[in-house]
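Chains, contacts and geometry: an overview
The chain contents come next:
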Amino acid sequence: MDTTAKQVEKTGSNGPSLTREQFLSAYYDMLLIRRFEEKAGQLYGMSLIGGFCHLYIGQEAVVVGIQMALRDGDKLITSYRDHGQMLVAGMTPRGVMAELTGRATGYSRGKGGSMHMFSREKNFYGGHGIVGAQVALGIGLAFANKYRGTDEVSVAYFGDGAANQGQVYESFNLAALHKLPCIFVIENNRYGMGTSIERASAAHELFRNGEPWGIPGRRIDGMDVAAVHEAAAEAVAHCRAGKGPYLLEMMTYRYRGHSMSDPAKYRSREEVDEVRKNHDPIEHVKQVLLDAGVEEETLKATDVKVKEIVNDAAEFAQTSPEPDPSELYTDVVLEA
């Protein structure tokens, strides 16, 4: 990975910015996402999840670190690799898994599946299947925050494959012009579908993409939850102060293919194994906690608890009823 000291910001020499309790919370949240996604992959392999399914395995530190810097009322929007954002937003594993399996108890009543879930209650404004489209919607959420006179922020997640979309640059311009409180988060996992960033983008320092509009940007080690949190806290403070948008490029890595149907033959097994062995975000937090004196049995108990929650969600998703055919006509047209 491109992780030279000059280009990627890690936890500083003064130590991590998180407390022991925050690390424990981060470990739980990251492990919940990992185990949830592993189970989703199993259910997909059993043909219990249809359509596309994009897993977040390997990227857990990004959403967890950012969410720790947010507060109630802040809004999230992302692309179709969206299960991690849903879980950290407080959406229940049962509801998310039930939507994956197309059940009536899912967040979109079984009509959205993996790529199109939504929860206004939790301020999660959806995973979106059109590449880059969520960025323009994200600045709309930020405009609403500013219009209403709140200091709430909007976080718009997108990948390196969407970073050079025209609508993304238009969004940068409008956000800067109106000083909108929007944090743009590029989850650079090195591959847009099956094409490496080096082959797809003439510019490789994506955190500089907002410079023509005066948008400050930072490149962060997205496998280090403390570094993510520290950068996110700075970006949030910038937005809440009315200084306009902020751009964060998170250098991360997905262990699975672009989607469950992708065999990922465009990269070597050695490359994936190297990241798993030396840069895994969950193992990093686990080691921090062990070094801080947390008993290994405590961490094992967390894993057991998480697995129980995920197994319960899978059972709920498989036994819940399918949607009534009448649901085809709901949430389509708003009568006023």
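Residues numbered from 1 in each chain as written. Predicted model: local features only at pLDDT ≥ 70, side-chain atom pairs only at ≥ 80, totals over all residues. Heavy atoms only, no water.

Quick word on the pairing of strand 2 (residues 124-128)
Along strand 2, four of the five residues are buried, which leaves the element largely enclosed by surrounding structure. Where strand 1 (residues 75-79) meets strand 2, three bridges bridge the pair, whose relative direction is parallel. Each residue of the ladder has a partner; that of Leu76, found in strand 2, is Phe124. (Buried < 20%, exposed > 50% of the residue type's maximum accessible area, 1.4 Å probe, protein only. Helix = DSSP H or I, 4+ residues; strand = E, 2+ residues; numbered from the N terminus. Pairing = 2+ DSSP bridges.)

Some words on the nonpolar core
Membership of the largest hydrophobic core comes to 69 residues, with the highest contact counts inside it found for Ile66, Ile183 and Val225. It is helix 1 (residues 20-45) that provides the largest number of residues to this core, a total of ten residues. Grouped together as the second largest cluster of nonpolar side chains are 22 residues, Tyr125, Phe172, Phe184 and Leu206 included. (Core = buried A, V, L, I, M, F, W, Y, C linked by side-chain atoms within 4.5 Å.)

Focus on the environment of Pro212
Relative to the elements of secondary structure, Pro212 occurs in the loop between helix 7 (197-200) and strand 7 (217-221). When the C-alpha atoms of Pro212 and Tyr169 are compared, they prove to be 9.8 Å apart, with 43 residues separating the residues in sequence.

As for helix 4 (residues 93-100)
Among the eight residues in helix 4, seven count as buried, and that is most of the element. Buried within helix 4 we find Pro93, Gly95, Val96, Met97, Ala98, Glu99 and Leu100. The inward-facing, buried residues of helix 4 abut helix 1, helix 3 (83-88) and helix 11 (296-319). Just downstream of helix 4 lies Gly102, where phi reads positive at about 70°. (Contact = heavy atoms within 4.5 Å.)

Re the pattern of salt bridges
This structure, assessed with the given rule, holds 20 salt bridges. Between Arg35 and Glu38 there is a salt bridge, with its nearest N and O atoms 3.1 Å apart. With Arg35 and Glu38 both in helix 1 and three residues apart, the pair spans about one turn of that helix. Taking relative accessible area as the criterion, Glu38 reaches 26% and is therefore assigned partly exposed. One salt bridge connects Asp303 with Arg35, and the closest N-O pair in it is separated by 3.0 Å. (Salt bridge = Lys/Arg side-chain N within 4 Å of Asp/Glu carboxyl O.)

Some details on the packing of aromatic side chains
One pair of aromatic rings is described through two measures. These are the centre distance and the angle between the planes. Evaluated as defined, the whole model comprises eight aromatic pairs. When the centroid spacing of 5.9 Å and the interplanar angle of 25° are considered together, the rings of Tyr169 and Trp213 count as stacked. Highlighted residues: Tyr169 in helix 6 (residues 166-177) and Trp213 in the loop between helix 7 and strand 7, separated in sequence by 44 residues. Under the relative-accessibility criterion, Tyr169 is labelled partly exposed at 24%. (Phe/Tyr/Trp six-rings, centres within 6.5 Å; stacked < 30°, edge-to-face > 60°.)

A closer look at the confidence of the model for the protein
For the protein, per-residue confidence averages 94 on the pLDDT scale, and residues scoring 70 or more make up 95% of the total. Under a pLDDT of 50 for its full length, residues 1-6 has, in the predicted model, eleven contacts with residues more than four places off or in other chains. (pLDDT = per-residue confidence, 0-100.)

Brief notes about the state of the cysteines
Going through the model one piece at a time under the given rule, you end up with zero disulfides. Cys182 takes part in no disulfide bond, and the closest cysteine sulfur, belonging to Cys239, lies 7.1 Å away. (Disulfide = S-S within 2.5 Å.)

Quick notes on the sheet that holds strand 2
Here six strands make up an open sheet; going across it, the order is 2-1-3-4-8-7 and the pairing parallel. Since the sheet does not close on itself, it has two edges, and those belong to strand 2 and strand 7, each with one partner. Between one strand and the next, the sheet's axes are offset by a mean angle of 15°, whatever the strand orientation. Taken together, the six bridges between strand 3 (residues 154-159) and strand 4 (residues 182-188) define a ladder with parallel strand orientation. Bridging across to strand 4, Ser154 finds its partner in Cys182. (Axes fitted to C-alpha atoms, helices over the stretch in contact; angles between N-to-C directions.)

Quick word on the packing of helix 5 (residues 133-147) against helix 6
Working note: a packed helix pair is described by the angle between its axes plus the distance between those axes. Helix 6 packs onto helix 5 with a crossing angle of 15° between their chain directions and a minimal axis gap of 8 Å. Judged on the interaxial angle alone, helix 6 and helix 5 are roughly parallel. In this structure, the crossing between helix 5 and helix 6 has a hand that is left-handed. The residues of helix 6 that touch helix 5, namely those facing Ala133, Val135, Ala136 and Ile139, are Gln167, Val168, Ser171, Leu174 and Ala175. Residue composition of the contact of helix 5 with helix 6, grouped by class: seven nonpolar, two polar and no charged. (Parallel < 35°, antiparallel > 145°, perpendicular 65-115°, else oblique. Left-handed = near helix turned anticlockwise from the far one by under 90°. Nonpolar A, V, L, I, M, F, W, Y, C, P; charged D, E, K, R; others polar.)

Topic: unusual backbone geometry
The phi angle at Lys179 is positive, at roughly 50°, despite the residue not being glycine. You can see Lys179 is positioned in the loop between helix 6 and strand 4. Despite not being glycine, Met193 has its phi angle at roughly 55°, a positive value. Within the secondary structure, Met193 is located in the loop between strand 5 (191-192) and strand 6 (195-196). Since its relative accessible area comes to 53%, Met193 is described here as exposed.

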